Amino acid sequence: MKIKVRVAEKPVITKKIDTDFIRLDAFLKMNDAVQTGGHAKIVIQDGEVKVNGEVCMQRGKKLRSGDKVDFNRVIYVVE
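Fair warning: this is a prediction, and the values are worked out from it, not measured in the lab.

Cut-offs used in this document
- Residues numbered from 1 in each chain as written.
- Predicted model: local features only at pLDDT ≥ 70, side-chain atom pairs only at ≥ 80, totals over all residues.
- Heavy atoms only, no water.
- Buried < 20%, exposed > 50% of the residue type's maximum accessible area, 1.4 Å probe, protein only.
- Helix = DSSP H or I, 4+ residues; strand = E, 2+ residues; numbered from the N terminus.
- Arc of directions from axis to C-beta.
- Contact = heavy atoms within 4.5 Å.
- Polar contact = N/O pair within 3.5 Å; in protein donor to acceptor, adjacent residues only side chain to side chain.
- Pairing = 2+ DSSP bridges.
- Core = buried A, V, L, I, M, F, W, Y, C linked by side-chain atoms within 4.5 Å.
- Salt bridge = Lys/Arg side-chain N within 4 Å of Asp/Glu carboxyl O.

Caption draft 1: Helix α2 (residues 37-45), seen in detail. Of the residues making up α2, those classed as buried are Ala 40, Val 43 and Ile 44. Looking down the long axis of α2, one finds its buried residues gathered within 100 degrees of arc, a one-sided arrangement. Contacts made by the buried residues of α2 are with α1 (24-30) and β6 (68-71). One side-chain oxygen of the residue at the start of α2 lies 3.4 Å from the amide nitrogen of Gly 38, identifying that residue as Thr 36. Positive phi appears at Gly 47, one or two residues downstream of α2, with a value of about 75 degrees.

Caption draft 2: Here's a closer look at the pairing of β6. Bridge analysis of strand β3 (residues 50-51) against β6 gives two bridges, and the strand direction is antiparallel. Looking across to β6, one finds that Val 51 is bridged to Val 69. Note: β6 against strand β7 (residues 74-78), four bridges, orientation antiparallel. The residue bridging Val 69 from the neighbouring strand is Tyr 76, located in β7.

Caption draft 3: Fine view of the sheet that holds β3. With mixed pairing, the five strands of this open sheet are ordered in space as β1-β7-β6-β3-β4. Edge positions in the sheet fall to β1 (12-15) and β4 (54-55), since each has one partner strand and no second.

Caption draft 4: View of the side chain of Asp 25. Within the fold, Asp 25 resides in helix α1. Residues contacting Asp 25, with those up to four places away along its chain left out, are Ala 40, Ile 44 and Arg 59.

Caption draft 5: Representation of the nonpolar core in the model. The biggest cluster of nonpolar side chains holds 19 residues, and the ones touching the most others in it are Leu 24, Leu 28, Val 49, Leu 63 and Val 69. Broken down by secondary-structure element, the contributors of at least two residues to this core are α1, α2, β6 and β7. Those residues in contact with Leu 63 that lie beyond four places of it in its chain are Ile 17, Asp 20, Phe 21, Ile 22, Leu 24, Phe 27, Val 51, Val 69 and Val 78.

Caption draft 6: Spotlight on the pattern of salt bridges. Counted under the stated rule, the structure contains three salt bridges. The partner of Asp 25 in a salt bridge is Arg 23, with the nearest N and O atoms 2.8 Å apart. The residue Arg 59 makes a salt bridge to Asp 25 at a minimum N-O spacing of 3.8 Å. Here the residue Arg 59 occupies a position in the loop between β4 and β5 (62-63), and Asp 25 occupies one in helix α1, the gap between them amounting to 34 residues. For Arg 59, a relative accessible area of 35% puts it in the partly exposed group. When salt bridges with common partners are traced through the structure, they connect Arg 23, Asp 25 and Arg 59 into a single cluster.

Right under this line is the structure:
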């Protein structure tokens, strides 16, 4: 018996920033991925957030244009 599995593609949301960089926790709040800064802190420290394919546990991580944040089955791209 063969089982076929289809993996759904993750939605991609692109967000433009007006500065050189933005902190990871602020970027998650700006995209409404988290409710508060405290919520952002918890999900980042629990290892639930990936930046450019690697788990990131630094909530002050500076994101620049082209960086990709993977959280909660959604990919957020900094533009």
